[in-house]
Amino acid sequence: RPEDPKDYFELYAVPSAVLLAGLAAGYASGNLDTVSGSVAIAAAICSIGAIAGLADQKTAQTGNVLGIAGVTFGLAATAADMSLAGAGTAAFEQVGILGAGGSAVGAAIASQVGPTELPQTVAAFHSLVGIAAMAGAAGEYLGNVGSLDGGTLGAIYLAVFIGAVTFTGSVVAYGKLAGMLSSAPLALPGIDQLNLSMVGVIALGMAAFLNPSLGASLGVDGLTPEALQLSSLSVAAVVSSVLGLHLVSSIGGPDMPVVITVLNSYSGWALVAEGFLLGNPLLCQVGALIGFSGAILTYIMCEAMGRNIASVIFGGAGTPIVVAGEKVEMRSEERRV
C-alpha cells in the first residue's frame, strides 16, 4: 500500500551471499563437509522462520523471503553433499538442466495464477511432491535390490504409500477446485469398508515386502524374494493411488480447502520417509516441519468450519448418507387487514 513504509527485502541477499561464499570457500579449502552442515542448519532455520512469518499478514512478505532463502540454502547444501559423495560433472549438469527447467515452468505457472486460484495451484504442486517421493523410492529400491536393510525397505514402502495417496488425492482436489470435476462427494456403498480393505491390502503388502522369504515359506514355486518384493511394491503403488483418489473424491467441494491442508501434511511425511531413505537430515527436518504444520492447520480449519477432522481425513468415514424424502409443498397465505 502507498502509505506503508518501504521494505528493503533485497538486503537479505547480503547474509545469504556471505553464507554461500563461505560454502564455496569450504569447498576450496577442503572443509566442505563442515560448512555444508552449517548451511543445512541455516536452511532448516529459514524454513521454520518462513512458516512463522506466513502466519501473520504483516510478516507474510518476510516469510516468503525466508522461504526463498531456505530453499536456496537447501539446494546449496544438497549440491555440497553430492560433491562429497563423489558426484561427477555429468550429475551436476543433469541437476542443473532439470533445476533450470523446473524453475522456468514454475515461474511461468505462478505468473498466471490469481489469488483465488492459489488453492488448486497448491494442490497441483502437492501432486508433484507425491510422485517425486514414489519415483525416488522406486529408484532407490531398483538400484540396490538385495542389498537394503529392513529400515531402508520400510522407508521405501512408506514413501511409495504416502506419495501415491498424496499424488492422486491432490489431482482430485485440483480437479474439484478448478471446476474440472464435480464438487459433489462420491458416495459409493460401503465407503468405510472399501477404505479399510485397501488399507488392509497395503499392510499385507508391507509385511511381504519386509519379509521377502515369505513366498518360499508359503510354498509358492517360482516366486523369488526379489519378485515378491517388486510385486508387493507395485501393488502398494496401485492400491495406494486408488485409496487417495477414493478418499478425496468422497469429500465435497466446500471441504476442499481443509483437504488441501491434509495433503500438505501428507507431502511432508513423504519427505520424511525420503529423508530416512536417503540419509538426509535436512529432508527429514523440513518434511517434519511441513507435516506437523499441515496437521495443525488442518485441525484449526476443521474447528473454524465446524467439520469433524476424522471425517475429513478418512474421506467422510462414519458420515451418514442422507436419503432424500418426499417433497413438501410450501404455501403462504396473504393476510388481509
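Summarised in this report is the structure supplied together with it. (Residues numbered from 1 in each chain as written. Predicted model: local features only at pLDDT ≥ 70, side-chain atom pairs only at ≥ 80, totals over all residues. Heavy atoms only, no water.)

### A look at the packing of aromatic side chains
Applying the stated criterion to the full structure yields 4 aromatic pairs. Relative to Phe 209, the ring of Tyr 141 lies with its centre 5.6 Å away and its plane at 50°, an arrangement referred to as tilted. One end of the pair, Tyr 141, is in helix α5 (residues 118-143); the other, Phe 209, is in helix α7 (residues 191-210), with 68 residues separating them in the sequence. Grouping residues by exposure puts Tyr 141 and Phe 209 together as buried. Taking 5.5 Å as the distance between ring centres and 40° as the angle between the ring planes, the aromatic pair formed by Tyr 157 and Phe 209 counts as tilted. Residue Tyr 157 is found in helix α6 (residues 150-177), and its partner Phe 209 is found in helix α7; the two are separated by 52 residues along the sequence. Like Phe 209, Tyr 157 is buried. (Phe/Tyr/Trp six-rings, centres within 6.5 Å; stacked < 30°, edge-to-face > 60°. Helix = DSSP H or I, 4+ residues; strand = E, 2+ residues; numbered from the N terminus. Buried < 20%, exposed > 50% of the residue type's maximum accessible area, 1.4 Å probe, protein only.)

### Description of the packing of helix α1 (residues 13-29) against helix α3 (residues 60-84)
Running from N to C, α1 and α3 cross one another at 5°; their axes reach a closest spacing of 11 Å. By the angle between their directions, the pair α1 and α3 is classed as roughly parallel. Contacts between α1 and α3 pair Ser 16, Leu 19, Leu 20, Leu 23 and Tyr 27 from the former with Ala 69, Thr 72, Phe 73, Ala 76, Ala 80 and Ser 83 from the latter. (Axes fitted to C-alpha atoms, helices over the stretch in contact; angles between N-to-C directions. Parallel < 35°, antiparallel > 145°, perpendicular 65-115°, else oblique. Contact = heavy atoms within 4.5 Å.)

### Section: the environment of Met 180
Turning to its location among the elements, Met 180 is positioned in the loop between α6 and α7. Each residue touching Met 180, except ones within four places of it in the same chain, is listed here: Tyr 174 and Gly 175.

### As for the side chain of Ser 240
Its location among the elements puts Ser 240 in helix α9 (residues 225-249). Of note is the side chain of Ser 240, whose polar atom sits 2.6 Å from the backbone oxygen of Ala 236. With residues near it in sequence (within four places) discarded, Ser 240 still touches Phe 161, Ala 164, Val 165, Thr 168 and Ile 202. (Polar contact = N/O pair within 3.5 Å; in protein donor to acceptor, adjacent residues only side chain to side chain.)

### With respect to the nonpolar core
Grouped together as the largest cluster of nonpolar side chains are 22 residues, with contacts concentrated most on Ala 137, Tyr 141, Ile 156, Tyr 157, Phe 209, Leu 233 and Leu 243. At the level of elements, α5, α6, α7, α9 and α10 (256-278) are the ones that each hand at least two residues to this core. Residue contributions to this core peak at 8 residues, all from α6. Non-local contacts of Leu 233, meaning those with residues more than four positions away in its chain, are made with Tyr 141, Ile 156, Tyr 157, Val 160 and Phe 209. If you look at the next biggest cluster of nonpolar residues, it comprises 14 residues, including Leu 32, Val 39, Ala 44 and Cys 46. (Core = buried A, V, L, I, M, F, W, Y, C linked by side-chain atoms within 4.5 Å.)

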